[in-house]
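# Geometric and topological summary
This is what each chain is made of:
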Amino acid sequence: MNTLIAASVLSADFSRLGAELSRLKSADLIHLDLMDGHFVPNLSFGYPLVSCIRGLTEQPLDAHLMVTNPETYVDNLAAIGVSWISFHQETVYHSHRLIQQIKAHGIKAGIALNPATPINTLDSILPDLDYVLVMSVNPGYSAQAFIPSAIAKIKELDRIRKNQSLDFLIEVDGGVNGDNSTALREAKADILVSASYIFGSKDYDKSIITLRGEINVR
Ligand code: DX5
Ligand code: ZN
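Residues numbered from 1 in each chain as written. Chains lettered and ligands numbered in written order. Predicted model: local features only at pLDDT ≥ 70, side-chain atom pairs only at ≥ 80, totals over all residues. Heavy atoms only, no water.

### Side note on the pairing of strand β7 (residues 169-173)
Operational definition: Burial here depends on accessible area, computed with a 1.4 Å probe over protein chains only, as a share of the maximum for the residue type. Under 20% is buried, over 50% is exposed, and the range in between is partly exposed. In this description a helix means any DSSP run of H or I spanning at least four residues, a strand means any run of E spanning at least two, and both kinds are numbered starting from the N terminus. Strand pairing requires that DSSP identify at least two bridges connecting the strands. By definition, the crossover connecting two strands over a helix is right-handed if that path, from the first strand to the second, turns clockwise as seen with the strands pointing away from the viewer.
With 5 of 5 residues buried, β7 lies mostly within the body of the structure. Here β7 shows no split at all, with Leu169, Glu171 and Asp173 on one side and Ile170 and Val172 on the other all buried. Pairing between strand β6 (residues 131-135) and β7: 5 bridges, direction parallel. Bridge pairing in β7 links tyrosine 131 to leucine 169. With helix α5 (residues 149-163) bridging β6 and its parallel neighbour β7, the resulting β-α-β unit is right-handed. Two elements, β7 and strand β8 (residues 191-194), share 3 bridges in a ladder whose sense is parallel. Note on β8: the bridge partner recorded for valine 172 is leucine 192.

Listed below in structure tokens is the structure:
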């Protein structure tokens, strides 16, 4: 499978979101970071903006819930039309139930692991997951430095899925850039999330192509 690139709009210029989204056509997914000021020390955006983005692009929306009580968000996000939803392991008592709630809408379900959260917290739920989101920064902000231990975590997840013949995808989020993307692809990350590397560049398409490891022939 080709590496997928998820462009996180957290670093976009929200005053001209339509223009920003029109420059992300090479991205495979649009990553939406929902923050509630409780689970993470920051607020981002909610349903009105997600609806607005849904109307501005046909690309699949990948919602990353950095919120407490994530189960209260799922039905609303499904109604808006997101295609992927991940939540953090620490925010729920009943992750199996929440995975089923997400999947019942036909949405891909993932669990996010903070840098300090070990993989073995997912042992019993891995067969039910469509993807695991490996955080390579502490969640809450874009433009933080990549935490290198994420690479070992991705390799270990890949080893587990091969050994157990599982088919979950591995997504990595935080500090992803042109310097670490090759190592992340080699570690077998399937989806690379990026905000500041893409939006801080002049040519978004070129940055996306670089992250994907394709040669830029334009
Ligand atoms: C961080 C978010 C990320 C963030 C990534 O809490 O989950 O998706 O937007 O930003 P960069 O790519 O700048 O680290
Ligand atoms: Zn994110």
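### Topic: the site of ligand 1
Heads up, the rule is: Throughout, near means a residue has at least one heavy atom within 4 Å of the molecule or strand. Residues adjacent in sequence count toward polar contacts only when both atoms are side-chain atoms; beyond that, a polar contact is any pair of N or O atoms within 3.5 Å, and within protein one must be able to donate a hydrogen and the other to accept it. Accessible surface is estimated by sampling points in the Shrake-Rupley manner with a 1.4 Å probe; for residues, cover comes only from the protein chains shown.
If you check the shell around ligand 1, you find 19 residues, and the closest are Gly140, Ala143, Asp173, Gly175 and Ser196. In this structure, an oxygen atom belonging to ligand 1 sits 3.2 Å away from a side-chain N or O atom of histidine 64. Here ligand 1, which alone exposes 380 Å², has 100% of that area covered by the protein. Looking at the shell around ligand 1, the elements with two or more residues in it are β2 (29-35), β3 (61-66) and β8.

### Topic: the pattern of salt bridges
Our working definition: By salt bridge we mean one thing: a side-chain nitrogen of Lys or Arg within 4 Å of a carboxyl oxygen of Asp or Glu.
Inspection of the entire model under this criterion finds 8 salt bridges. Here glutamate 20 makes a salt bridge to arginine 16, at a shortest N to O gap of 3.6 Å. Between aspartate 28 and arginine 212 there is a salt bridge whose closest N-O contact spans 2.9 Å. You can see aspartate 28 sitting in the loop between α1 (17-22) and β2 and its partner arginine 212 sitting in helix α8 (residues 204-212), a full 184 residues away along the chain. A relative accessible area of 26% places aspartate 28 in the partly exposed class.

### What about the pairing of β2?
Consecutive side chains of a regular strand alternate in pointing toward one face of the sheet and then the other. Within β2, 7 of the 7 residues are buried, leaving the element largely enclosed by the surrounding structure. Going residue by residue along β2, you find Leu29, His31, Asp33 and Met35 tucked away on one face and Ile30, Leu32 and Leu34 tucked away on the opposite face as well. Handedness of the β-α-β unit built from strand β1 (residues 4-8), α1 and β2 comes out right-handed. Across 6 bridges, β2 lies against β3 in parallel orientation. Counted as the bridge partner of leucine 32 is alanine 63 from β3.

### Overview of unusual backbone geometry
Despite not being glycine, asparagine 69 shows a phi value in the positive range, around 50 degrees. Asparagine 69 gets classed as partly exposed once you look at its relative accessible area, which sits at 43%. Of note in the backbone geometry, lysine 188 takes a positive phi value of approximately 85 degrees without being a glycine. Looking at the secondary structure, you find lysine 188 in the loop between α6 (181-186) and β8.

### Section: the sheet that holds β7
In plain terms, the rule: Orientation is described by lines fitted to C-alpha atoms, with helices fitted over the stretch in contact, and by angles between N-to-C directions that extend from 0 to 180 degrees.
Spatially, 8 strands are ordered β1-β2-β3-β4-β5-β6-β7-β8 in a closed barrel, and the strand pairing comes out parallel. The mean angle between the axes of side-by-side strands here comes to 25 degrees, regardless of whether they run parallel or antiparallel. As paired elements, β3 and strand β4 (residues 84-88) share 4 bridges and run parallel to each other. Each bridged residue has a counterpart across the sheet, and for alanine 63 the counterpart in β4 is isoleucine 85.

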